[in-house]
Amino acid sequence: MNETLLTIKDLSVTVHDGSEKKILLNRICLDVPSLSIVGLVGGSGSGKTTTGLAVLKLLSPALKIDDGEIIFQNENLLKIALSKLQQIRGKAISMIFQEPLQAFNPVFTIGYQIEEVLVMHTTLNTKQRKEKILSLLDKVGIKDPKRVAGNYPHQLSGGMRQRAMIAQAIAVDPRLIIADEPTSNLDVTLQARIMELFLQLRDELKLTLLLITHDLGMVSHISDRVAVMNQGQIVEQGITKEVIENPQQEYTKKLLGNIKF
Ligand SMILES: Nc1ncnc2c1ncn2[C@@H]1O[C@H](COP(=O)(O)OP(=O)(O)OP(=O)(O)O)[C@@H](O)[C@H]1O
Ligand SMILES: [Mg+2]
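Remember, predicted model here, so these are calculated numbers, not experimental data.

Calculation criteria
Residues numbered from 1 in each chain as written. Chains lettered and ligands numbered in written order. Predicted model: local features only at pLDDT ≥ 70, side-chain atom pairs only at ≥ 80, totals over all residues. Near = placed C-beta within 6 Å. Helix = DSSP H or I, 4+ residues; strand = E, 2+ residues; numbered from the N terminus. Nonpolar A, V, L, I, M, F, W, Y, C, P; charged D, E, K, R; others polar. Pairing = 2+ DSSP bridges. Axes fitted to C-alpha atoms, helices over the stretch in contact; angles between N-to-C directions. Left-handed = near helix turned anticlockwise from the far one by under 90°. Contact = placed C-beta atoms within 7 Å. Core = buried A, V, L, I, M, F, W, Y, C linked by C-beta atoms within 7 Å. Buried ≥ 20, exposed ≤ 12 C-beta atoms within 10 Å, placed from the backbone. Parallel < 35°, antiparallel > 145°, perpendicular 65-115°, else oblique.

**What to know about the site of ligand 1**
In the vicinity of ligand 1 lie 14 residues, with Ser44, Gly45, Lys48, Thr49 and Thr50 positioned nearest. Looking at the shell around ligand 1 element by element, the count peaks at three residues for helix H1 (residues 48-55). Residue composition of the shell around ligand 1, by class: four nonpolar, nine polar and one charged.

Printed below as a string of structure tokens:
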């Protein structure tokens, strides 16, 4: 196994609902080795998104991290200064969300929104930024980058928007991308293409990917490791092939029962 890029240790998250305390994440542990794709799978409400958001301390204020450590490049993200964390967000770690229409601002063009990231995290001048935007859009398989850069999010198809979102996520060479259901609103053919793109980018750009999805079928195709979540706990994790061929937990068997290989 490669060196570990991200380690989540005994992470517990709770929410206070009136006088009741509800446990959303119950001492979860997860290892994400460098240059790997790790699938985080589980049913709706199992805590996948909460886990992804907790890594960057982006949880809504009602949610509290009670315990645990999130070690990224040998630092505990739960302990470092906010200014340092803000440097890591969007630079060393970037996130891709399920619905790019929500993640992109509807009133700015795609090019403008990718440029914002470049302005924030690089010293490129205007001309260099324009060139970089076109090369990023080209890298994610967009055929005419110039037009797309000038388009508003709603002018693109779902698949194109998702690619543009990935272009934005890789704009400043992150080490880790957390992708939360990146393809669940796309049809099966487009899903497969986006997955291929992730594999290609991992190898070309030396990326590490935490792929959050309810789709164990997709994970079985592209991820090196898989962690299975149920009701706020990671019930099983390991090398994808081993988990799929020899699941230890009833819950994993149930998830596997629903998919076709
Ligand atoms: N802001 C919040 N306030 C109260 N409960 C919350 C909040 N955010 C999440 N939860 C609860 O935490 C649990 C885990 O939610 P989470 O969104 O992490 O699940 P998920 O695995 O991503 O589900 P899905 O597959 O539907 O996206 C759910 O029971 C959810 O209702
Ligand atoms: Mg979710």
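Having seen the model, we can carry on.
**Brief notes about the sheet that holds strand E6 (residues 93-96)**
Ordered by their spatial adjacency, six strands build an open sheet running E6-E7-E8-E3-E9-E10, and the pairing between neighbours is mixed. Each edge of the sheet is formed by a strand with only one pairing partner; in this case those strands are E6 and strand E10 (233-239). On average, each strand axis in the sheet is inclined to that of its neighbour by 15 degrees, with strand direction left out of account. One ladder, built from four bridges, connects E6 with strand E7 (residues 176-180); its direction is parallel. Pairing of Ser94 across the sheet is with Ile177, part of E7.

**Regarding the packing of helix H4 (residues 110-121) against helix H5 (residues 126-139)**
Orientation of H4 relative to H5, taken along the N-to-C sense of each, is 115 degrees, at an axis distance of 10 Å. The way H4 lies across H5 gives a crossing that is right-handed. Between H4 and H5, the residues in contact are Gly111, Ile114, Glu115 and Leu118 and Arg129, Lys132, Ile133 and Leu136, respectively. Of the residues that constitute the contact of H4 with H5, the class distribution is four nonpolar, one polar and three charged.

**Focus: the nonpolar core**
Counting 65 residues, the largest nonpolar core has Leu137, Ala167, Leu210 and Leu211 as the members making the most contacts within it. Looking at this core, the element that brings in the most residues is helix H7 (residues 158-169), giving six residues.

**Section: the packing of H4 against H7**
Across the interface, H4 lies against H7 with an axial gap of 9 Å and an inter-helix angle of 20 degrees. If you check the angle between H4 and H7, you find them roughly parallel. With respect to the hand of their crossing, H4 and H7 are arranged in right-handed fashion. Across from Ile110, Gln113, Ile114 and Val117 in H4, the residues of H7 making contact are Ala164, Ala167 and Gln168. Grouping the amino acids of the contact of H4 with H7 by side-chain chemistry returns five nonpolar, two polar and no charged.

**What about the environment of Val32?**
Residue placement: Val32 occurs in strand E2 (residues 20-33). C-alpha separation for the pair Val32 and Leu176, spaced 144 residues apart in sequence, amounts to 9.4 Å. Excluding its chain neighbours within four sequence positions, the residues that come into contact with Val32 are Thr4, Leu5, Leu6, Val38, Thr208 and Leu210.

Any link to function would need more than the numbers given here.
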